[in-house]
Amino acid sequence: MKYIEHFGKPRKGKRMLSEEPTIHESAHISKCELGAFTAVGPNCGMRESSMGDYSYLAGDVSVVWTDIGKFCSIASHTRMNPGNHPTWRVTTSHSTYRRVQYGFDEVDDEEFFAWRKAHRCIVEHDVWMGHGTLLTAGCKVGIGACTAAGSVITKDIPPYAIVGGVPAKVIKFRFDDKTIEKLMRIAYWEWDHETVKERFKDLFNVHSFIEKYEV
């Protein structure tokens with residue numbers, strides 16, 4: 001992975017993806033790590049997060065304190081780990097933790113921000129997150145899962161589940177339990193680039209794929 005700092009400056013590059021992350025000129029990235037063959041679309045923001053090989057963010061995606069795996073497809077207007085407010089205080093106003101802006105203190109509330117950072121989100125490999133998905137603090141989306149457009153995820157999602165709704169609930173699973181178990185053992189997302197390239201056509205049919213590569 002490569003450590004990235006990018007603040008809206010144009011980046012020249014080929015249309016084809018490469019070992020170097022492809023970042024739209026309007027994206028803002030701070031203190032992030034991006035893998036090979038990754039793409040960050042227009043108006044995306046990433047802060048203190050990571051994204052593995054072959055994953056991409058479509059336009060207008062916000063990612064804060066989140067780790068995204070390999071082969072993930074993140075649709076536009078998805079938001080991961082959005083801001084929280086202190087519901088346990090007299091007021092939820094951010095003036096209680098962004099105190100300097102309001103002249104209430106000489107320093108901001110570092111304890112509150114540490115609490116937010118501790119509730120990191122995890123998106124495992126091969127996840128497809130539909131348009132406008134909201135992933136709340138501390139939640140994990142399991143390998144191979146899919147989220148319907150507009151889903152609000154408030155708890156962990158199991159591997160290969162298809163979820164939707166507010167809050168999101170499991171609708172069904174992509175495959176039966178035995179197939180999921182075999183795919184998890186094969187773990188194609190751990191293959192190196194040359195192996196993926198060599199075996200690429202095998203990814204189209206799950207049954208023949210398992211027969212060929214079952215561990």
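Refer to the structure presented above.
The notes below deal with the structure included here. (Residues numbered from 1 in each chain as written. Predicted model: local features only at pLDDT ≥ 70, side-chain atom pairs only at ≥ 80, totals over all residues. Heavy atoms only, no water.)

### A word on the pattern of salt bridges
What counts is decided by this rule: Within this document, salt bridges are pairs made up of a side-chain nitrogen of Lys or Arg and a carboxyl oxygen of Asp or Glu, the two lying within 4 Å of each other. Where helices and strands are cited, they refer to DSSP runs of H or I of at least four residues and of E of at least two residues respectively, numbered from the N terminus. When accessible area is computed with a 1.4 Å probe and restricted to protein chains, residues below 20% of their type maximum are described as buried, those above 50% as exposed, and intermediate ones as partly exposed.
Within this structure, the stated rule accounts for 10 salt bridges. Close ionic contact of D109 with R99 constitutes a salt bridge, the shortest N to O distance being 3.2 Å. On the criterion of sequence distance, the pair formed by D109 in the loop between α1 (99-102) and α2 (110-118) and R99 in helix α1 is long-range, its members being 10 residues apart. Here R99 falls in the partly exposed class, since its relative accessible area comes to 25%. Of the charged contacts, one joins K182 and E214 as a salt bridge, the two residues approaching to 3.9 Å between their closest N and O atoms.

### A look at helix α3 (residues 177-186)
Applied cut-off: By definition, the arc is the one covered by directions from the helix axis to the C-beta atoms. We call two residues contacting when some pair of their heavy atoms lies within 4.5 Å. A 3.5 Å cut-off defines polar contacts: any pair of N or O atoms within that distance qualifies, except that in protein one atom must be a possible hydrogen donor and the other a possible acceptor, and neighbouring residues in sequence count only when both atoms are side-chain atoms.
For α3, the set of buried residues is T179, I180, L183 and I186. For α3, the buried positions fall inside an angular range of 125° around the axis, keeping them on one side. Pointing more than 90 degrees away from the buried face of α3 are the exposed residues D177 and K178. The secondary structure elements touched by the buried residues of α3 are β19 (169-173) and α5 (206-213). By the N-cap criterion, in which a side-chain oxygen at the helix start approaches the backbone nitrogen of a residue two or three places on, α3 is capped by D176, the distance to K178 being 3.1 Å. Just past α3, the residue A187 takes up positive phi, approximately 50°.

### Side note on the packing of α3 against α5
Note the cut-off: In this analysis an axis means a line fitted to C-alpha atoms, helices contributing only their contacting stretch, and an angle means the value between N-to-C directions, from 0 to 180 degrees. Small angles under 35 degrees read as roughly parallel and large ones over 145 as roughly antiparallel, with 65 to 115 read as roughly perpendicular and the rest as oblique. Each crossing is labelled by how the near helix is turned from the far one, with a counterclockwise turn of less than a right angle marking it left-handed and a clockwise turn marking it right-handed. Polar here means any residue other than Ala, Val, Leu, Ile, Met, Phe, Trp, Tyr, Cys and Pro, which are nonpolar, and Asp, Glu, Lys and Arg, which are charged; Gly is therefore polar.
Axis separation between α3 and α5 bottoms out at 10 Å; the angle between their running directions is 55°. What the angle tells us is that α3 and α5 run oblique. The way α3 lies across α5 gives a crossing that is left-handed. For the pair formed by α3 and α5, the contact residues are T179, K182, L183 and I186 on the first element and V206, F209, I210 and Y213 on the second. Class assignment for the residues of the contact of α3 with α5 results in 6 nonpolar, 1 polar and 1 charged.

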